[in-house]
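These are the residues of each chain, in order.
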Amino acid sequence: MTNLNEHAQTIEKATFGMGCFWGPDTLFGSLPGVIQTEVGFAGGTSKAPTYRNIGDHTESIDITFDPALLSYEDLLRLFWQNHDATKDRFYKERQYISLLLYRNHTQNEQAEKIKAEQEQLLGKELQTEFQPYNIFYPAEDYHQKYFLRRFKQATKTIQQLFPDEAAFIHSTIAARLNGFVRERTTLKEIKEEIHHWGLPEEQRVLLEQTLTDLRW
Ligand code: MHO
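Since the structure is predicted, the reported quantities are computational estimates derived from the model, not experimental observations. (Residues numbered from 1 in each chain as written. Predicted model: local features only at pLDDT ≥ 70, side-chain atom pairs only at ≥ 80, totals over all residues. Heavy atoms only, no water.)

Participant: Teacher, can you tell me more about the site of the ligand here?
Facilitator: What surrounds the ligand is the set C20, F21, W22, Y51, E59 and Y96. One of the side-chain nitrogen or oxygen atoms of Y51 is found 3.4 Å away from an oxygen atom of the ligand. Within the side chain of E59, an N or O atom sits 2.6 Å from an oxygen atom of the ligand. Summarising the interface, the protein chains cover 61% of the accessible area of the ligand, which totals 320 Å² for the free molecule. In the shell around the ligand, the residues fall into 5 nonpolar, no polar and 1 charged. (Near = heavy atom within 4 Å. Polar contact = N/O pair within 3.5 Å; in protein donor to acceptor, adjacent residues only side chain to side chain. Areas by Shrake-Rupley, 256 points an atom, 1.4 Å probe, with all protein chains shown as cover. Nonpolar A, V, L, I, M, F, W, Y, C, P; charged D, E, K, R; others polar.)

Participant: What am I meant to see in the domain arrangement of the chain here?
Facilitator: Frequently, the measure chosen for interface size is the accessible area that the parts lose on association. Taken domain by domain, the chain consists of domain 1 (12-141) and domain 2 (145-213). Just the C-alpha atoms count here: the centres of domain 1 and domain 2 sit 24 Å apart. Counting residues at the interface gives 16 residues for domain 1, matched by 17 residues for domain 2. For the pairing of domain 1 and domain 2, the buried interface totals around 1400 Å² over both sides, and the portion due to carbon and sulfur atoms is 48%. In this assembly, domain 1 and domain 2 are joined by 0 salt bridges. Between domain 1 and domain 2 we count 9 residue pairs in polar contact (both at pLDDT 80 or more) in total. When contributions to the side of domain 1 that touches domain 2 are tallied by element, the ones reaching two or more residues are α1 (22-29) and β2 (34-42). Top element by residues in the side of domain 1 that touches domain 2 is α1. It accounts for 6 residues. Broken down by class, the residue content of the side of domain 1 that touches domain 2 amounts to 6 nonpolar, 7 polar and 3 charged. (Domains from an automatic or database assignment. Contact = heavy atoms within 4.5 Å. Buried area = accessible area lost by both parts, 1.4 Å probe. Salt bridge = Lys/Arg side-chain N within 4 Å of Asp/Glu carboxyl O. Helix = DSSP H or I, 4+ residues; strand = E, 2+ residues; numbered from the N terminus.)

Below you can see the structure in the form of C-alpha cells.
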C-alpha cells in the first residue's frame, strides 16, 4: 500500500508542541491535506529522549501536509485553538509546553502573524515558545496512532496492508482512522477522500473494501 498522497507535488511540514501528543495526532490526522503525522520529542538538548526519559524535550507532533489543500496558516489556527497557550504550561518541566518549531523564515513570519490574530481574538497574550526546528525524535511505536491502537482487530487488519510497522505508522489511512475513532472524521468522508489519493486502482479498491469490512 502506498503511504503518501502521490498527487502532492510539493509537501510542507509543521511541528507543534501543545500538551499530550495523543490528542493532536487525532486532530491533525483527520484533516484532508494532511499526508502523515508522527508524534515525538523536540525542542530540547538532551540526546535520544524517550517517553520515560524525556529530558528537556517537549511532546510534539510533526505533520506532513499538502499546501495545495491546506495552508500552514490553517494549521496554526488549529494549533492555537486546540490548547491553552495563555497559561504557564511548565507544570511538568517542558513536557507539555506550548511550542512552535518553525521550519523557515516564512513559517516564522506566518506564525507571528496568526499569533497576533489569535491574541486579538482572545484579548490575552499567548506564551508559546518559538524555536527554529532542529531535530525531532519520534516517540515509541505505541504512542503513534495511540487511540486507533485501542481497536486491536481493526489495527491489525490495517497493519496487514503494509510491509512493516513504520509504513503503517506513516500512512495517511492510519492518521485518518486515528481521527475517526475520536469522532473527528467519518468513514464516509475517508472513503470519498481515498479517490483523490492517487493510489493505483487495485490498491484503492483493496483499501475501500478493507474499510467496508472493518468491525469496530
Ligand atoms: N497523563 C497523560 C499523559 C499521556 S501523554 C502521552 C495520560 O496518561 O493520559 O503525555
